[in-house]
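Next come the chains, spelled out residue by residue.
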Amino acid sequence: MNFTNFMLLSTMALVAATSASAEGSDALPQLRGADAVQKSCIDDKKPKKDGFEFKYVDEGKCVDEDNNTYEYGQFDDVKDFSKCAKKCVGGDVDDELVDELKGFDWNCDNQKCRCLFDEGTLSKSDEDTFDSVDRDKDGEGKVEGTKDEKHWYCAKLEGSSNTSADSHCDQISDKKKRQECKSNKPLVDFNEEFAR
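First, a word on scope: everything that follows refers to the structure included in this document. (Residues numbered from 1 in each chain as written. Predicted model: local features only at pLDDT ≥ 70, side-chain atom pairs only at ≥ 80, totals over all residues. Heavy atoms only, no water.)

1. Some thoughts on the overall build of the chain
Argument step 1. Helix and strand content of the chain: 6 helices and 9 strands.
Argument step 2. Residues classed as buried in the chain amount to 33% of the 196 residues present.
Argument step 3. Summing over all exposed atoms, the chain offers an accessible surface of approximately 12,400 Å²; the carbon and sulfur share of this is 46%. (Helix = DSSP H or I, 4+ residues; strand = E, 2+ residues; numbered from the N terminus. Buried < 20%, exposed > 50% of the residue type's maximum accessible area, 1.4 Å probe, protein only. Areas by Shrake-Rupley, 256 points an atom, 1.4 Å probe, with all protein chains shown as cover.)

Written as structure tokens, this is what we have:
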């Protein structure tokens, strides 16, 4: 065996030993690139809180079927993906607002948690609940996918045992009728309907 072959075999043995000792260790991740970041950022792909069940969608910001992002209320300094779910349905957020939740976006690097809502859901009074609010978004309906955005991770609301009376409203495709349903306004004029 010459010196070059000896060095090659020694290097291969060292790499194999290092890999074997790192198995099961979080100190040396086995995944590379985006997979390694995803593994270290997502602590629970199906977080649950108070009957609300979320499901991890993908890296990027959540979007609706028209590729629109959602308006949001943001909490700062949320350290984990699963804690973002808990913040969005936790004690700080009003129950009526929680019933309108579509999902959440969480940023792994700057630890920002964005609770997502349909366009027109948030009002000026909701600014006191969150660290910041952005109401200038067009997203509506269920989360259907993600828009590429580094370090952001999307989760959609999968289900809730706390189904509100308004949940049937989400099935109405016409935006105006859906909003009327959610605000409990009658879809027909009261005088026309009962004047007979």
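2. Remarks on the pairing of strand S2 (residues 52-59)
The two faces of the sheet receive side chains in turn, since in a regular strand these alternate between them.
Argument step 1. Bridge count for strand S1 (residues 48-49) against S2 is 2 bridges, and the pairing is antiparallel. Note on S2: the bridge partner recorded for Lys49 is Phe52.
Argument step 2. Two successive antiparallel strands, S1 and S2, enclose a turn made up of 2 residues, where Asp50 displays a positive phi of approximately 50 degrees. (Pairing = 2+ DSSP bridges.)

3. Regarding the environment of Asp105
Argument step 1. Along the chain, Asp105 falls in strand S5 (residues 101-107).
Argument step 2. Asp105 sits in the buried class, given a relative accessible area of 4%.
Argument step 3. Taking the C-alpha atoms as reference points, Asp105 and Cys115, 10 residues apart in sequence, are found 6.7 Å from one another.
Argument step 4. For Asp105, the side chain forms a polar contact with the main-chain nitrogen of Cys62, separated by 2.9 Å. (Polar contact = N/O pair within 3.5 Å; in protein donor to acceptor, adjacent residues only side chain to side chain.)

4. Notes on the sheet that holds S2
Argument step 1. The strand order across the open sheet built from 7 strands is S1-S2-S9-S5-S6-S4-S7, with neighbouring strands paired in antiparallel fashion. Whereas interior strands pair on both sides, the edge strands pair on one side only; in this sheet they are S1 and strand S7 (132-134).
Argument step 2. Its contacts with the sheet put helix H3 (residues 81-89) on S1, S2, strand S4 (71-75), S5, strand S6 (112-117) and strand S9 (152-160), and the angle it makes with S5 is roughly 140 degrees. (Contact = heavy atoms within 4.5 Å. Axes fitted to C-alpha atoms, helices over the stretch in contact; angles between N-to-C directions.)

5. A look at the nonpolar core
Among soluble globular proteins, nonpolar side chains are generally buried collectively.
Argument step 1. The biggest cluster of nonpolar side chains holds 26 residues, and the ones touching the most others in it are Phe104 and Trp106.
Argument step 2. Mapped by element, the contributors of at least two residues to this core are S2, H3, helix H4 (95-98), S5, S6 and S9.
Argument step 3. With 5 residues, H3 is the single largest residue contributor to this core.
Argument step 4. Counting residues in each nonpolar core, the second largest holds 6 residues, with Tyr70, Tyr72, Leu116 and Cys154 among its members. (Core = buried A, V, L, I, M, F, W, Y, C linked by side-chain atoms within 4.5 Å.)

6. Remarks on the state of the cysteines
Argument step 1. Counted by the stated rule, this structure contains 4 disulfides.
Argument step 2. Cys41 shares a disulfide with Cys108; S-S distance 1.8 Å. Disulfide Cys41-Cys108: the torsion about the S-S bond is -80 degrees, which places it as left-handed. Residue Cys41 is found in helix H2 (residues 33-41), and its partner Cys108 is found in the loop between S5 and S6; the two are separated by 67 residues along the sequence. Judged on exposure class, the residue Cys41 and its partner Cys108 are both buried.
Argument step 3. Between Cys84 and Cys113 runs a disulfide, and the two sulfur atoms are separated by 2.0 Å. Its S-S torsion of about 85 degrees marks the bond between Cys84 and Cys113 as right-handed, since a negative value means left-handed. In this pair, Cys84 is assigned in helix H3 and Cys113 in strand S6, connecting sequence segments 29 residues apart.
Argument step 4. The class for Cys84 is buried, based on a relative accessible area of 0%. (Disulfide = S-S within 2.5 Å.)

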